[in-house]
Amino acid sequence: NTNPELISNGYAAAGTTWFIQQKIYLSADLTKDTVKSVIAHELAHAFLLSTQIRPTHQDAEIEHYSEEEMCNFISMYGEQIWALTYEVYDELYGKN
């Protein structure tokens, strides 16, 4: 039975970011090997939303960030995202 907070576009997701509620949900089915990348992925969504960086190209359903926009985002926030990823991971699994 899937947690309703993990439903995204009609599908069960490994993780979801609920920006207004300031919550990130992770599937209980994630393995210890995959959880770091899912945490980092969801934190990237949170950073994108909180910084209000918007892509230069959009269509009705998909936001398209240019290579330059993504490189700028990573250079500005990548280190913070990974630091928080390890902090959350250590809280869930203990320090390695």
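Our subject is the structure that appears above.
Asker: Outline the packing of aromatic side chains, supporting the account with residue identities and numerical values.
Answerer: For the structure on display, the rule yields five aromatic pairs. Ring centres of Trp 18 and Tyr 25 lie 6.2 Å apart, and the angle between their planes is 80°; this geometry places the pair in the edge-to-face category. Given the relative accessible area of 30%, Trp 18 is considered partly exposed. Between Phe 73 and Tyr 77, the aromatic rings sit 5.4 Å apart at their centres with planes inclined by 45°, giving tilted as the arrangement. Here the residue Phe 73 and the residue Tyr 77 both occupy positions in helix 2 (residues 67-93), the gap between them amounting to four residues, near one helical turn.

Asker: Could you give an account of helix 2, naming the residues involved and the relevant values?
Answerer: Given a rise of 1.5 Å per residue, 27 residues ought to cover 39 Å, yet the end C-alpha atoms of helix 2 are separated by just 34 Å, more than 12% below that figure. Of all the bends in helix 2, the largest measures some 55° and sits at Tyr 77. By the burial criterion, the buried members of helix 2 are Glu 69, Phe 73, Tyr 77, Gly 78, Ile 81, Thr 85 and Tyr 89. Residues of helix 2 that are buried sit in contact with helix 1 (32-51) and strand 6 (63-64). Once helix 2 finishes, Gly 94 follows within two positions and takes phi at roughly 85°, a positive value.

Parameters and conventions
- Just so you know, the residues in each chain are numbered from 1, in the order the chain's sequence is written.
- Per-residue local features of the predicted model are confined to residues with pLDDT of at least 70, and side-chain atom pairs are confined, for both listing and counting, to 80 or more; whole-chain, interface and lining totals are unaffected and use all residues.
- To get the side-chain values, all heavy atoms of the structure are used, and hydrogens and water are removed first.
- For this analysis, a ring pair means two rings from Phe, Tyr or Trp (six-membered ring only for Trp) whose centres lie within 6.5 Å, classed as stacked if their planes differ by under 30 degrees, edge-to-face if by over 60, and tilted for the remaining angles.
- For the exposure calls, accessible area comes from a 1.4 Å probe over protein chains only, and a residue counts as buried if that area is under 20% of its type's maximum, exposed if over 50%, partly exposed in between.
- Numbered from the N terminus, helices here are DSSP runs of H or I no shorter than four residues, and strands are runs of E no shorter than two.
- Here, expected helix span is obtained from the residue count minus one, scaled by 1.5 Å.
- Here the bend at a residue means the angle between the axes of two seven-residue stretches, the one that ends at it and the one that starts at it.
- Two residues form a contact once any of their heavy atoms are found within 4.5 Å.

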